[in-house]
Amino acid sequence: MSAFHIVDHPLITHKLSIMRNRKTGSKDFRQLLEEISMLMGYELTRDLPLEDVVIETPITKMTARMVSGKKMAIVPILRAGLGMVDGLQNLVPVAKVGHIGLYRDPETHLPVEYYCKLPVDIEDRIVILVDPMLATGGSACGALDLLKQHGCNHIRFMCLVAAPEGVAKVQAEHPDVDIYAAALDDHLNEHAYIVPGLGDAGDRIFGTL
Ligand code: PRP
Ligand code: URA
């Protein structure tokens, strides 16, 4: 089974609490999402391998340590995942970005695919799939299915708020994909929204409430 990591640094928890508050407007919501994404990205990339590289400082030659191995790709699930891209790209500026468009059918809560554009060499990259909300897990699993159809086999999923139902679904269907979340909430309500959650992430980011 894949690992489920809660990244609960006090700064992340504090910023997430501001985001949860219904009084927080879109501008602050977006800013906090970007900041949390960068802080979480720091944890998510902790195990990247390093290699020795000989460089010259202004003083002398030295063997320096630099990140090696596979390159990265960041893949947001549209729309809300877009709000997590800039924070991660600040950390890893050379990462390529793919996009997967999915929305939840309001009746069935099942994901409907409407867009997919990925870097041509996606199968050779470590993929960080991002979406602030892991509710039923339908969207995350749909995006993971798509990534695997494109040959990806090194994937991590990063979200802000997870529901137990979504974590269980991703772990059952994609046991190779580690999940990173800032919080594990209590349950889903009758509309499949996370409780206590933060509401509709896409609407709060883009002001479409
Ligand atoms: C939200 C959210 C996830 C999905 C999570 O997107 O950003 O993609 O719901 O729910 P699930 O785990 O039950 O699939 P939504 O479908 O509202 O689309 P949007 O981002 O375009 O608003
Ligand atoms: N999508 C959201 O944006 N929020 C939820 O709580 C569930 C799905």
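Look above for the structure.
Everything quoted here is computed from the prediction, not taken from an experiment. (Residues numbered from 1 in each chain as written. Chains lettered and ligands numbered in written order. Predicted model: local features only at pLDDT ≥ 70, side-chain atom pairs only at ≥ 80, totals over all residues. Heavy atoms only, no water.)

Draft legend 1. Molecular detail of the layout of surface pockets. Of the pockets and cavities examined, the largest pocket occupies roughly 620 Å³. Forming the boundary of the largest pocket are 29 residues, of which Tyr103, Arg104, Ser139, Tyr193 and Asp200 lie nearest the centre. Counting only elements with at least two residues in the lining of the largest pocket, the list comes to β4 (72-78), β6 (99-104), β9 (133-134), α4 (138-149) and α6 (201-206). A class-by-class count of the residues in the lining of the largest pocket yields 16 nonpolar, eight polar and five charged. Volume-wise, the second largest pocket comes out at about 370 Å³. As for the second largest pocket, its lining consists of 13 residues, and the residues nearest its centre are Leu48, Val67, Met72, Val92 and Val94. Residues belonging to the lining of the second largest pocket are distributed by class as follows: seven nonpolar, three polar and three charged. (1 Å grid on protein atoms, 1.4 Å probe; cavity = no way out; pocket = protein on both sides within 12 Å on 5 of 7 lines; lining within 4 Å. Points joined across faces, edges and corners; volume = space filled by probe spheres on them. Helix = DSSP H or I, 4+ residues; strand = E, 2+ residues; numbered from the N terminus. Nonpolar A, V, L, I, M, F, W, Y, C, P; charged D, E, K, R; others polar.)

Draft legend 2. The site of ligand 2, seen in detail. Inspection of the region around ligand 2 gives Arg104, Met133, Ala135, Ala192, Tyr193, Ile194, Gly199, Asp200 and Ala201 as its neighbouring residues. Between Gly199 and ligand 2, the recorded distance is 2.8 Å, taken from a backbone N or O atom to a nitrogen atom. In the environment of ligand 2, an oxygen atom lies 2.8 Å from a nitrogen or oxygen atom belonging to the backbone of Ala201. When the free accessible area of ligand 2 is taken as 240 Å², the share hidden by the protein chains comes to 89%. With respect to the detected pockets, ligand 2 is housed in the largest pocket. Looking at the shell around ligand 2 residue by residue, the classes come out as six nonpolar, one polar and two charged. (Near = heavy atom within 4 Å. Polar contact = N/O pair within 3.5 Å; in protein donor to acceptor, adjacent residues only side chain to side chain. Areas by Shrake-Rupley, 256 points an atom, 1.4 Å probe, with all protein chains shown as cover. Sits in = over half its atoms within 2 Å of the grid points.)

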